[in-house]
Amino acid sequence: MTECIFCKIIEGTIPSVKVYEDEHVLAFMDIVPVTKGHVLLIPKTHRENIYDLTAEEAAQLFSVVPKIANAIKDEFKPAGMNLLQNNGAYAGQAVFHSHLHLIPRYDETDGFQ
Ligand code: 5GP
Ligand code: ZN
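Residues numbered from 1 in each chain as written. Chains lettered and ligands numbered in written order. Predicted model: local features only at pLDDT ≥ 70, side-chain atom pairs only at ≥ 80, totals over all residues.

- The chain has the name Histidine triad (HIT) family protein in an unreviewed UniProt entry, where Sporosarcina psychrophila is given as its organism.

Here it is as C-alpha cells:
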C-alpha cells in the first residue's frame, strides 16, 4: 500500500474536495489554503517532482491549467493568480508527489490574502 498522501487522495482512501478530474490528472482544494480558492493539480501517476515527469505528463497537467484557473477566477473573483511548483525539500516541497499550486490573489481590501 502506498504511503503517498496524494496517491491516497487519488485512490479515494483520503478524502478531498475535487474540482477537476480526467484520465491523467486530478485537481483538488488545498487543505491548508494560502488564500481562498487555493487548488492543487497533480498527475495520477506517482511522480516525485518535476524531474520525474515525462514531457507528455507535463503537457497533460498544463493543458488543463487554463480551465481550472478560469473556474477559480469565476468562483472566487480574485484580483490575480500565482502558479507555483516546488521541487525538493530546500525549495519548499513537503509532499513528494509532483503538484502544481494555483493560488488566487486578492486585493488587500478583500481581507483574505
Ligand atoms: P508543497 O509544499 O509540497 O509544495 O505543498 C504541499 C501542499 O499540500 C500544501 O499546500 C498542503 O497544504 C497540501 N496538503 C498536504 N496534505 C494534504 C491533504 O491531505 N489534503 C489536501 N487537500 N492538501 C494537502
Ligand atoms: Zn503519490
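## Quick notes on the environment of Arg47
Phase 1: With respect to the secondary-structure elements, Arg47 resides in the loop between strand E3 (39-43) and helix H2 (55-63).
Phase 2: Ignoring sequence-local partners within four residues, the contact set of Arg47 consists of Asp52, Leu53, Glu57 and Ser98. (Helix = DSSP H or I, 4+ residues; strand = E, 2+ residues; numbered from the N terminus. Contact = placed C-beta atoms within 7 Å.)

## Some details on the nonpolar core
Phase 1: Counting residues in each nonpolar core, the largest one holds 16 residues, and the members touching the most others are Ala27 and Leu41.
Phase 2: Elements supplying a minimum of two residues to this core: helix H1 (5-11), strand E2 (25-29), E3 and strand E5 (100-105).
Phase 3: When neighbours within four sequence positions are excluded, Ala27 is seen to be in contact with Val19, Tyr20, Val39, Leu40, Leu41 and Ile68. (Core = buried A, V, L, I, M, F, W, Y, C linked by C-beta atoms within 7 Å. Buried ≥ 20, exposed ≤ 12 C-beta atoms within 10 Å, placed from the backbone.)

## Some thoughts on the sheet that holds strand E4 (residues 80-84)
Phase 1: Reading across the sheet, the 5 strands line up as E1-E2-E3-E5-E4 and stay open at both edges, with antiparallel pairing between neighbours. The sheet is open, and its two borders are formed by strand E1 (18-21) and E4, each paired with just one other strand. Ignoring which end each strand starts from, the neighbouring axes of this sheet average 15 degrees apart.
Phase 2: Where E4 meets E5, 5 bridges bridge the pair, whose relative direction is antiparallel. The residue bridging Leu83 from the neighbouring strand is Leu102, located in E5.
Phase 3: Contacts from H2 reach E2, E3 and E5, with the element oriented near 150 degrees to E3.
Phase 4: Those strands touched by helix H3 (residues 65-76) are E1, E2, E3, E4 and E5, and its axis lies near 30 degrees from that of E5. (Pairing = 2+ DSSP bridges. Axes fitted to C-alpha atoms, helices over the stretch in contact; angles between N-to-C directions.)

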